[in-house]
Amino acid sequence: MDPDTIIKAKIHYFCREKLYHAMQFSAVQGIKRFSGDPSFKFFYGMGLVLEGQLQEGIRELDPLQSYSEVQLGAILALIYAHKKCQTIDREAVTALDARLKEERKRADDTSLYYAGVFLLHAEKVDKAKEYIDRMLKINSQSKEGLILKGWMEVAVLRESRSKNALQFFEAVLKTNNRNIEALLGKAKYFELSGHFDEAIELLNQLIVVYQNFTPPLMEKMKVQLCLQDWDQADETANRILSADPKNIEGLKFKVLQTTCRKGIYEDASLQLRKFFGELEKAEPKNGHVFLHNAQLFSRICGRDGHVLDATLMFAEKAASIDSTSSVAMAEVGYQNLMKGKVKEAQRYYRTATKLDETSIQALSGIIACQLHDKQLDIAKEQLDFLKEIHGGISNKAEILYMSALHARLLGQPGEDVLNVLNEAVDTHFKAVRGLAFGPGYLITMNPDFVVKLVREYLLYAPNSPSGQGQAIPAALKKTLMILEPVTKACPGLKDSLFLLSKAKFLSGDLKSAVSTLQHVLDNIDPTDADCHLLMAQVQLHQGNFLNAQQSLEIGLSYNFEVREHPIYHLINAKVLKEQGKLQDCIKTLQTALNLVNKKRGSAKKEKEFSTTDRVSVFLELAEAYRLTNQNQEASRIMNEAMSEYMGTSEEIRITVANADLALAKGEVDSALQILRSITPDQTYYLQAMEKMANIYLVHRKDKKMYAQCYREVVEKSPSPQSYLLLGDAYMSITEPERALEIYEQALKRNPRDFALAAKMGKALQKTHQYGKAINYYKEAVKDEDNNNLRYDMAELQMKLKTFDKAEKTVMQAMQIEKENVSDLNGLIAQAKLLTLLAKIQERSGNLEASMQTLSEVKDYRARILKRVQIEQPDAALDQRHQAAKVCHQIAEHFVSQRNYINAIKHYKEALVFDPDDSTAMCSLARLYLMNDDLDQCQYTCMTLLRNDKENEEATIMMADLAFRKNDYESAMFHFQQLLQNKPDYWVALARLVEVMRRTGHLEDVPEYLKKSDDYVGTRASLVPGLNFCKGLYEWYSGNPNNALKMFNKARRDNEWGQRSIYNMIEICINPDNQMLGGEVFETVDSDVHAESRDSQEMALRTADKLLKELKPKPGVQQMSYELLQGMLQLATKNKSNVERALADFLQICSRDTQRENVGGILGIATAYMLLKQTPRARNQLKRVAKYNWNFEDAEYLERCWLLLADIYIQGGKYDMASELLRKVLQQNKSSTKAYEYMGFIMEKESSFKDAATHYEAAWRYSNKANPAVGYKLGFNYMKARRYADAIDVCHAVLEKFPNYPKIKKDILDKSRASLRS
């Protein structure tokens, strides 16, 4: 590469970056190497002039007037330099102007080029354009001209948004695709346009081709910083510093990372001092660079004293380099003001006004000092003067902020102050809009100023958190809005994170408040006492009293001065009050009150402990006295508070507290009367009306008056917010039609309020106007990029089963979000939309596409999680939950396909995202149990119980495990634990009955049922959960009629009704526990039940009626419903019904998610058996022969295995049948049919003794209610020569079934005869 090109590229780069000394150094290298080229001398002189070394610059540039190539540029630079001098040489300027006019007429393209170069870097872009346009007319193919024209377009890109720059750079790159300046220009264009990936790609090309040329690396680092990819930027900075340890940009990034990202100010101050030393060597006379860095680091350090000491050095250096600069002098004043040195600050500001009488920074700084010293009259004059003479001033936001501060100090109405603050915020953030993240963005955004604004807003926020469903006050909404960009930009700025936590706490978002505070204490400053105190307040509000006390103690251990803070005592008192230690609470509050009085008058302490907090001490003390029945003392404290704060904004709060006290005493009318006394022009009017509305709703149960309160708010203040509150009130009392009318009125007033539009859509849905809702959504999103409404529309379309339209809506929304893909909120929106898309695809039956989309969502969630921990740490916990949730969905898909290995993998992945995810742990334990991996299941349950001792599902699983391992005592221990803590925990009792049945201990169940009966008392027969458990026991004990009675009692219950009806249908379909489709006992069963044909038909009719009662939800309930429908048709044994049922079952099993549905397979096999197509039935049943047993499919699995065993017995394959029957008995030791089949096999093998043992178990577990089993038992007793036992069984059968055929003649008489002989 030509060295001339490299040197010139460096010169241009350093000049653009305003590193003028580095530019001069490169120019000197060029002069030494190419002594005959006047351009390097021109660049050297130009660097001196731009740096502010005017006389030296004039000396260097003056001789260059004789060189035609740079003549025009030199003349322009000389004119610029002379005009910048303190004493302007008018004659010289006049002579140069005349020379310029003369030379401009005959200038060639090269001379015009250098003129354009100077004007561009002197920030006179419009003038530069004139020269370059003229140059390109002379030589349209000039690469240098095209490149310079491109850079000019880049310089005005933010204002023009033109793409012209690109065409100039690309015109050069067509002929030389490695041109440094063109590639750098194109990369800068992409950076400023927000196309960061394209910018990095171009810079990577430059890095590879020009390995010893550092500017591309420096630019890449800046682009990575724009993306807030701190890790990648840090890696690039390390690469820069390894090549050049004194590189200014690399060192600057390191300081920025320590200050802005990490918030480690002690390290930052040391790094700043080192950086200052290097900057003094690298740019010793560059005032601009020192000023820029002073502004940058002072605004992002949270006013840390050590960092401000260092930044003050930078500001003083800038002022010493250019002693005529009012900007630098005003900055020294600003830095002193930040350090709290008001007198010093005033001195510097006054010096700045001497340098420039019109300096707005200096004048506004003087006003800030006056406000600090409470010189309100003088400050007002100055503010009025500034507003009058400077309409479009640069720091208008600062002046508006001071106006608001002045208004507050004068005691003006809060609404007026907030209006001025709102204007200040809007003005300030308008300047930030469109800027990419980086040093320039941070200086313009000025986090320190935003924090000041936030502190003002919080003075007008409520002192306690908003209740659920309450509207967030405007001051808090604004606070949250303006803090978001600050916390995103400066994740290490402790002050902004603390204030964000406070705002979230006060807005009722306790979860986020805790998350943000935890982030500060874990990652930034574990010793911050204020954070510990706020954490205690939040925990107290959550009801976590021990945690609140612990936070106070931790705060105290780090900083003993916390004890001197009334807030410490205030929180401690609240904890003591909640613990019932009222006397200790009173003593603590008295201490707090003494501290309040002691600290009054101290400006610093006044700032620490606000008027709001002081009033809180009075109110809490009054409340404590009231709770100890010291009403006189309570009244005294309230009166004292009222007299002290009368006429302040807190007076209304004390009035509201009086209403609360009246309400606590049960004096509802008195409370309402107090609240009515608060007028619309007073601060707490809205809160008072909301409280009044709540009293009417909760204490008076008067919905009409509840709505009337909000109607009054609308009448007094007909703002969109008031209409919104009224609409929400109607929605909360389930009057969506009226809410709809109100929302429509609110929308007319504020048509661009998207939150309101969303509520409107929801209200239309509530009133079942789905078509109107869809049309409304379509109109609302027609010309807007509001994806929240598109999301709601797609959801509604999905509910209406118009899946194609829903998918199209989501795709449109995703197309819009693609523009924000580099933004974290854009990524979150994309993930949300993709999740909905997956749901739509699943509902439409496209399972494969749904799985693919969910996989994409998972990748998005991983990316979000990586970024959110830096950019929005308070949202990290929620994003962890979201990422885990996606893994759940994928795992559930795999479970439905019986792909348990992949399901386990995804649940484990969910635990990586969210290690405390109890749902994933429970599901994982369940899968281990289904896979017979009992050790892993136990380990997972124990982990779960360590985290949550009260986890009921884990305890039930531990009991199931113990039963599986035949550890009867441990199982009972787990169930006893659950039922002792919660005797009416019917879920556990129902599972206990189920497990007792499966372990063959049904006889122990009555003891537990009796305990529950005793606990519930006389209401026992009315408790649905208990009746369900009793019904379950009766059913399993072979008493179907009693079971039906019990289930019928639970049938109307919301929780137990559906399950009871399902069980009733099962009983009606098969009351005598026959093997439907089985052939082994077909003749015997038909003989036994021949007389009950009519009752069987009646039972099936009852089952059909009950089936119509069911209202299944989509998913598992719907599937159970479909299976029962089919089983009912099979139970009729009517050929056409059986064929219809077979078609239904085949259709179920053809669905993607239901191919392995055990109930469906049983239905198909049973239908084939009834149609006498045994081979087909056998083929179906073989599919499930090797399935692992699980609770969900237990009943259908066992019936499948029994039916297959029946087929094997019919075919004489006794070994295969015995294996299946042992499998059934392993999981259900009360399975009457399995014992009966085993007995039959033994009988066929002439092993009468073993046959008797199995029939004996079948007889016992059927509650001696099946005469056929009794007959077989008696017969095998007789064959095994147990005649007395045979006779006893015959008597038992004949007692219940006197007309049972054959038993007397075949067994009883023969056994008696054998006994006699």
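So, how was this worked out
- Residues numbered from 1 in each chain as written.
- Predicted model: local features only at pLDDT ≥ 70, side-chain atom pairs only at ≥ 80, totals over all residues.
- Heavy atoms only, no water.
- Helix = DSSP H or I, 4+ residues; strand = E, 2+ residues; numbered from the N terminus.
- Buried < 20%, exposed > 50% of the residue type's maximum accessible area, 1.4 Å probe, protein only.
- Contact = heavy atoms within 4.5 Å.
- Areas by Shrake-Rupley, 256 points an atom, 1.4 Å probe, with all protein chains shown as cover.
- Lys, Arg positive; Asp, Glu negative; His and termini not counted.
- Charge placed at Lys NZ, Arg CZ, Asp CG, Glu CD.
- Expected span 1.5 Å × (residues − 1).
- Salt bridge = Lys/Arg side-chain N within 4 Å of Asp/Glu carboxyl O.
- Patch = residues over 30% accessible without salt bridge, like charges linked within 9 Å, V, L, I, M, F, W, Y side chains within 5 Å.
- Core = buried A, V, L, I, M, F, W, Y, C linked by side-chain atoms within 4.5 Å.
- Axes fitted to C-alpha atoms, helices over the stretch in contact; angles between N-to-C directions.
- Parallel < 35°, antiparallel > 145°, perpendicular 65-115°, else oblique.
- Left-handed = near helix turned anticlockwise from the far one by under 90°.
- Nonpolar A, V, L, I, M, F, W, Y, C, P; charged D, E, K, R; others polar.
- Polar contact = N/O pair within 3.5 Å; in protein donor to acceptor, adjacent residues only side chain to side chain.
- Phe/Tyr/Trp six-rings, centres within 6.5 Å; stacked < 30°, edge-to-face > 60°.
- Lys NZ or Arg CZ within 6 Å of the ring centre and 35° of its normal.
- pLDDT = per-residue confidence, 0-100.
- Disulfide = S-S within 2.5 Å.

Colleague: Break down the overall build of the protein for me, with residues and values.
Modeller: Tallying secondary structure elements over the protein gives 73 helices and zero strands in all. Counting every position in the protein, which comprises 1317 residues, the buried fraction comes to 54%. Sequence separation of at least 24 residues holds for 58% of the intrachain contacts in the protein that already meet a minimum separation of 6. Carbon and sulfur atoms make up 48% of the accessible area of the protein, which totals about 60400 Å². Positive and negative side-chain charges in the protein, numbering 176 and 173 respectively, have mean positions lying 3 Å apart.

Colleague: Describe helix H22 (residues 360-372), with residues and values.
Modeller: Compared with an ideal rise of 1.5 Å per residue, which puts 13 residues at 18 Å, H22 spans 18 Å between its outermost C-alpha atoms and is within 8% of the ideal. Counting buried positions along H22 yields 11 of 13 residues, so the element is predominantly enclosed. Of the residues making up H22, those classed as buried are Ile 360, Ala 362, Leu 363, Ser 364, Gly 365, Ile 366, Ile 367, Ala 368, Cys 369, Gln 370 and Leu 371. Within two residues after H22, Lys 374 carries a phi angle of roughly 60°, on the positive side.

Colleague: I'd like a description of the pattern of salt bridges, backed by residues and values.
Modeller: Here the structure, examined in full by the defined rule, presents 49 salt bridges. Ionic pairing is found between Lys 8 and Asp 4, a salt bridge with its closest N-O pair at 3.9 Å. Of this pair, Lys 8 and Asp 4 both sit in helix H1 (residues 3-16), four residues apart, roughly one helical turn. When the shortest N-O distance is used, the salt bridge between Arg 997 and Glu 1195 registers 2.6 Å. Here the residue Arg 997 occupies a position in helix H56 (residues 986-998), and Glu 1195 occupies one in helix H67 (residues 1194-1210), the gap between them amounting to 198 residues. By relative accessible area, which is 11% here, Arg 997 ends up buried.

Colleague: Describe a positive patch on the surface, listing the residues and the values that go with them.
Modeller: Positive charge collects at one region of the surface, where Lys 83, Lys 84, Arg 90, Lys 124 and Lys 127 lie side by side. For Lys 83, the location among the structural elements is in helix H5 (residues 71-84).

Colleague: Which residues make up the environment of Ala 1252, and what values go with them?
Modeller: Inspection of the secondary structure assignment puts Ala 1252 in helix H70 (residues 1248-1261). Distance in space between the C-alpha atoms of Ala 1252 and Gly 1274 is 8.0 Å, their sequence separation being 22 residues.

Colleague: Quick rundown of the nonpolar core? Include the residues and the values.
Modeller: For soluble globular proteins, nonpolar side chains are generally found buried alongside one another. Phe 42, Phe 118, Leu 256, Phe 275, Tyr 349 and Leu 442 are the most contacted members of the largest nonpolar core, which has 197 residues in total. Broken down by element, this core gets its largest block of residues, nine residues, from H5. In this structure, Leu 442 is in contact with Leu 256, Cys 260, Leu 296, Ile 300, Phe 437, Pro 447, Ala 489 and Cys 490, ignoring residues within four places of it in sequence.

Colleague: Can you explain the packing of helix H57 (residues 1005-1016) against helix H58 (residues 1024-1036)? Please cite residues and give values.
Modeller: Close contact between H57 and H58 brings their axes to 11 Å; oriented N to C, the two are set at 160°. Overall, the two elements H57 and H58 adopt an arrangement that is roughly antiparallel. Pair H57 / H58 crosses with left-handed handedness. Counted together, Val 1005, Pro 1006, Leu 1009, Ser 1012, Asp 1013 and Val 1016 of H57 and Leu 1026, Cys 1029, Lys 1030 and Tyr 1033 of H58 form the full contact between these two elements. Considered class by class, the residues forming the contact of H57 with H58 number seven nonpolar, one polar and two charged.

Colleague: I'd like to hear about the side chain of Thr 258, residue by residue, with values.
Modeller: Its place among the elements puts Thr 258 in helix H16 (residues 248-262). The class for Thr 258 is buried, based on a relative accessible area of 7%. There is a polar contact of 2.8 Å between the side chain of Thr 258 and the side chain of Gln 271. Residues within four places of Thr 258 in sequence aside, it is in contact with Gly 263, Ile 264, Asp 267, Ala 268 and Gln 271.

Colleague: Which residues make up the environment of Arg 998, and what are the values?
Modeller: The residue Arg 998 is located in helix H56 in this model. Through-space distance from the C-alpha of Arg 998 to that of Leu 1225 is 8.4 Å; in sequence the pair is 227 residues apart. Engagement of the side chain of Arg 998 in a polar contact is seen with the side chain of Glu 994, the distance being 2.8 Å.

Colleague: Give a detailed account of the packing of helix H20 (residues 326-338) against helix H21 (residues 342-355), specifying residues and quantitative values.
Modeller: Running from N to C, H20 and H21 point in directions that differ by 170°, and their axes come no closer than 7 Å. Between H20 and H21, the crossing angle belongs to the class labelled roughly antiparallel. For the element pair H20 and H21, the recorded crossing hand is left-handed. On the side of H20, the interface is formed by Ser 326, Met 329, Ala 330, Val 332, Gly 333, Tyr 334, Asn 336 and Leu 337, while H21 contributes Val 342, Glu 344, Ala 345, Tyr 348, Tyr 349, Thr 351, Ala 352 and Leu 355. Of the residues assigned to the contact of H20 with H21, the class counts are 11 nonpolar, four polar and one charged.

Colleague: Talk me through the packing of aromatic side chains; I want residue IDs and the actual numbers.
Modeller: Aromatic rings considered in pairs are described by the distance between their centres and by the relative angle of their planes. Counted by the stated rule, this structure contains 23 aromatic pairs. Seen in terms of ring centroids, Phe 437 and Tyr 441 are 5.8 Å apart; in terms of plane orientation they differ by 55°. Their pairing is tilted. Taking relative accessible area as the criterion, Phe 437 reaches 8% and is therefore assigned buried. For the cation-ring pair, Arg 16 lies above Trp 151, with the distance from its terminal atom to the ring centre recorded as 3.7 Å. Just above the ring of Tyr 1036 sits the side chain of Arg 997; from NZ or CZ to the centre is 4.1 Å.

Colleague: Let's hear about the environment of Thr 353: which residues, and what values?
Modeller: You can see Thr 353 is positioned in helix H21. Note: C-alpha distance between Thr 353 and Met 329 (24 residues apart in sequence) is 9.1 Å. The contacts of Thr 353, once residues within four sequence positions are left out, are Ala 362, Leu 363 and Ile 366.

Colleague: I'd love a proper account of helix H19 (residues 305-321), names of residues and values included.
Modeller: If you check H19, its first and last C-alpha atoms are 24 Å apart, about what 17 residues at 1.5 Å a residue would give, namely 24 Å. Three or more residues of H19 are buried, namely Val 307, Leu 308, Ala 310, Thr 311, Leu 312, Phe 314, Ala 315, Ala 318 and Ala 319. Looking at the buried residues of H19, the elements they touch are helix H17 (265-282), helix H18 (287-299) and H20.

Colleague: So what's going on with the confidence of the model for the protein? Which residues, and what values?
Modeller: Residues at a pLDDT of 70 or more form 92% of the protein, whose mean pLDDT is 83. For the stretch residues 601-608, pLDDT sits under 50, and the model shows six contacts to residues farther than four places along the chain or on other chains.

Colleague: I'd like to hear about the state of the cysteines, residue by residue, with values.
Modeller: For the structure shown, the criterion picks out zero disulfides. Take Cys 490: it sits in no disulfide, and the sulfur closest to it among the cysteines is that of Cys 260, at 3.7 Å. The cysteine Cys 531 is free of any disulfide, with Cys 490 supplying the nearest cysteine sulfur at 16 Å.

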